[in-house]
Amino acid sequence: MAFLDGKFEIDGKKSFLSGGEVVETLPPYKLLSVFCCEEELKKAFAEKILDTGIKGLDRLNGRQFNNKLDEHCSNINRKCMSGKYEFTPYAEVLQLKGRGKPPRVIGIPTVRDRLVLNQLKIILSHIFPECVPKVRANTLIHKISREIKHIEESGNSSSTKIFGCDIQKFYDEIDRGILLKTLQKRISSPKLLKLIESAICTPTVPRNYRKRDIALYKAPKGIPQGLAISNILAAIYLLEFDAEINQQKIHFYRYVDDILIFGEDSLVDAAKALVETRLSALGLKTHPVGSGKSHLGQLTEEFAYLGYCFHIPLITVRPATQERFLLSIVGKFSDYIHNKKTRLEHLKFLDVAKLKEIFLLELNERITGAICEKRRYGWISYFSEITDLELLKKMDRLIAAFFKRLDDFDNTPPPNLKKITRAYYEMRYSPMDGYIHNYDIFTTTEQKMKFLIERGRLDPSKSSYSEDEIQGIFDAYKARILAELEPDDGTIYW
């Protein structure tokens, strides 16, 4: 295999890379050799991983890994092509889901493994292109609302039934044997299959685990959440299920583990039975109707899907989701009140005026959301399809009222406090015009340093920060802020 200026020549046949994608379809074993060659590994690392500050069990960030990039990429290529690559256990991060609910376990790979998983994702995307997510949640809600409106206008609302459910412990219950058999239908390369199997069988462990206890964390089924390949593998697992349900004469939507079906009464009843039967064959099951996570009734009744609440013609947000967002806002106020004294004592370059400025900047970002790598983050971004504008006005009033607790602001909301009502319109129609904070505008070290000083992360009197230090602090701060926002899964295309 030869590589030159973005072109691969394999067995005398040229295949061109464009934007990270192979234009010409290649067999799976060729894809492995293409995307795990040293040149492509280095290219992917520079584009996707270099500036990330997230650390796995090896405690290396992208910049530190870059110090020995040539050696790392050579080893990755050699081990992947020999079938001997092994993943390091993923570092456990617990993601809270709300009161009374067990946390979601997210796996954080090492930088080396993240690079391999990124390449595996690209390879799987070429082999299973129909399993690459093409529709984001907002787009799906938009389509559903339009189809429901059409049913209303045709006068068929009273004869239309709706069934909504979610799959219990979806990722944790995936049968690896069934998944691998599905993969084998298109992948004949033993090395590629072994690499994928190794990725999904690698356990997720606490950062302080003892190696001799590794067996305690190994699970007989499921795929880890948080990996680059997790979502596409989940889609592949349900590929045949989706195809069969889509053949029924009903409206069918599935977004990861959330399913929604509506149509004529008898057809929906039959589709519900088929869904339960086919999922059972895959080792999966839905929550029973009446449990609060499954619904069966007429279209005229209230129902929920993907955090939205439909009470036609109104589309709003589930009360529990509203409460969770407002509690995150309250948390910002509590943090300011209770930690102000400590911050002033430990960060001598800050004063009350500066703390107020930082608090308002971060609060505004929590209200409006943010943009990073053309990806939209934030509560209002995700719920931009609601029609309940009175809810947004109510939330603006509540957020403004929280300032009654802050003596530093004279118990009054400041004039530059941003509004969720305006953020709703800006995120829908002009997200790049400046009202929504955009991390993509910070491209130089000087810009990042100025931003970090503004946010109180660097001492402005100190001039000895290295470029790597600034990048590391910027990445860590950005990652923390974005993690606190509920991410939309959409990408802005221009």
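Residues numbered from 1 in each chain as written. Predicted model: local features only at pLDDT ≥ 70, side-chain atom pairs only at ≥ 80, totals over all residues. Heavy atoms only, no water.

### Regarding the overall build of the protein chain
Inference 1: When you go through the protein chain residue by residue, the secondary structure sums to 19 helices and 18 strands.
Inference 2: The C-alpha atoms of the protein chain give a radius of gyration of 25 Å, which matches the 23 Å a tight globule of 494 residues would have.
Inference 3: The C-alpha extent of the protein chain, read off along each of the three principal axes, is 70 × 65 × 45 Å.
Inference 4: For the protein chain, the residues scored as buried account for 46% of the 494 residues in total. (Helix = DSSP H or I, 4+ residues; strand = E, 2+ residues; numbered from the N terminus. Rg over C-alpha atoms; globule rule 2.2 N^0.38 Å. Buried < 20%, exposed > 50% of the residue type's maximum accessible area, 1.4 Å probe, protein only.)

### What to know about the sheet that holds strand β9 (residues 251–255)
By definition, the strands of a sheet pair up through backbone hydrogen bonds, in either a parallel or an antiparallel sense.
Inference 1: Spatial ordering of the open sheet is given by β9-β10-β7-β11, a layout of four strands whose pairing is antiparallel. Of all the strands in the sheet, the pair left with one neighbour each is β9 and β11 (295–298). Averaged over all pairs of adjacent strands, the angle between their axes in this sheet comes to 10 degrees, without regard to strand direction.
Inference 2: Note that strand β7 (residues 160–166) and β11 share four bridges and pair antiparallel. Its bridge partner lying in β11, F163 is registered against L296.
Inference 3: Those strands touched by helix α6 (residues 137–153) are β7, β9 and β10 (258–264), and its axis lies near 160 degrees from that of β9. (Pairing = 2+ DSSP bridges. Axes fitted to C-alpha atoms, helices over the stretch in contact; angles between N-to-C directions. Contact = heavy atoms within 4.5 Å.)

### A short note on helix α4 (residues 69–82)
Inference 1: Spanning 14 residues, α4 covers 20 Å between terminal C-alpha atoms, matching the ideal 20 Å at 1.5 Å per step.
Inference 2: Buried residues of α4: L69, C73, I76, N77 and C80, and no others. Along α4, the residues classed as buried sweep out an arc of 95 degrees about the axis, all on the same side.
Inference 3: Turning to α4, the residues buried within the fold contact α1 (28–35), α2 (38–49), α3 (62–66), α5 (111–127) and α9 (190–201).
Inference 4: Just downstream of α4 lies G83, where phi reads positive at about 80 degrees. (Expected span 1.5 Å × (residues − 1). Arc of directions from axis to C-beta.)

### Here's the deal with the sheet that holds strand β14 (residues 314–317)
Inference 1: Here we have three strands laid out as an open sheet, ordered β12-β13-β14, and antiparallel in their pairing. The two strands at the open ends of the sheet, each matched to only one other strand, are β12 (303–305) and β14. Along the sheet, successive strands turn relative to each other by an average axial angle of 30 degrees, direction set aside.
Inference 2: As defined by bridge partners, strand β13 (residues 308–311) adjoins β14 across four bridges and the pair is classed as antiparallel. Bridging from a neighbouring strand, C309 pairs with T316 of β14.

### Observations concerning the packing of α5 against α9
Inference 1: In contact at an axis separation of 11 Å, α5 and α9 are set at 125 degrees when each is read in the N-to-C sense. Relative to α9, α5 is oriented oblique. Here α5 runs over α9; the crossing is left-handed. Taking contact as the criterion, the partners of V116, L117, L120, I123, L124 and I127 in α5 are, on α9, L192, L195, I196 and A199.
Inference 2: For the contact of α5 with α9, the class distribution of residues is ten nonpolar, no polar and no charged. (Parallel < 35°, antiparallel > 145°, perpendicular 65-115°, else oblique. Left-handed = near helix turned anticlockwise from the far one by under 90°. Nonpolar A, V, L, I, M, F, W, Y, C, P; charged D, E, K, R; others polar.)

### Here's the deal with the environment of S294
Inference 1: The topology assignment puts S294 in the loop between α12 (265–281) and β11.
Inference 2: A relative accessible area of 8% means that S294 is categorised as buried.
Inference 3: Distance from S294 to K374, taken between C-alpha atoms, is 34 Å for residues 80 residues apart in sequence.
Inference 4: Here S294 is in contact with G164, C165, D166, H287, P288 and V289, once residues within four sequence places are set aside.
Inference 5: A polar contact of 2.4 Å, which involves the side chain of S294, links it to the backbone oxygen of H287. (Polar contact = N/O pair within 3.5 Å; in protein donor to acceptor, adjacent residues only side chain to side chain.)

### Details of the confidence of the model for the protein chain
Inference 1: On average, the protein chain scores 89 in pLDDT, and the residues at 70 or more come to 93%.
Inference 2: The least confident element of the protein chain, judged by mean pLDDT, is strand β1 (residues 2–4) at 35; the most confident is helix α8 (residues 176–184) at 97.
Inference 3: In this model residues 1–23 is a low-confidence stretch, pLDDT under 50, and it forms 48 contacts with partners more than four residues away in sequence or in other chains. (pLDDT = per-residue confidence, 0-100.)

### Re the pattern of salt bridges
Inference 1: Within this structure, the stated rule accounts for 23 salt bridges.
Inference 2: The salt bridge involving E276 is made with K272; its shortest N-O contact spans 2.9 Å. Placement of both E276 and K272 in helix α12 is noted, with a separation of four residues, approximately one turn of the helix.
Inference 3: Of the residues examined, E276 reaches a relative accessible area of 32% and is grouped as partly exposed.
Inference 4: A salt bridge links K332 to E362; its shortest N-O distance comes to 3.0 Å. (Salt bridge = Lys/Arg side-chain N within 4 Å of Asp/Glu carboxyl O.)

### Focus on the packing of aromatic side chains
Inference 1: For the structure shown, the criterion picks out 29 aromatic pairs.
Inference 2: For the pair Y425 and Y429, a centre-to-centre distance of 6.4 Å together with 25 degrees between the ring planes defines the contact as stacked. Taken together, the positions of Y425 and Y429, both in helix α17 (residues 420–429) and four residues apart, correspond to about one turn of that helix.
Inference 3: For Y425, a relative accessible area of 41% corresponds to the partly exposed category.
Inference 4: A relative accessible area of 58% places Y429 in the exposed class. (Phe/Tyr/Trp six-rings, centres within 6.5 Å; stacked < 30°, edge-to-face > 60°.)

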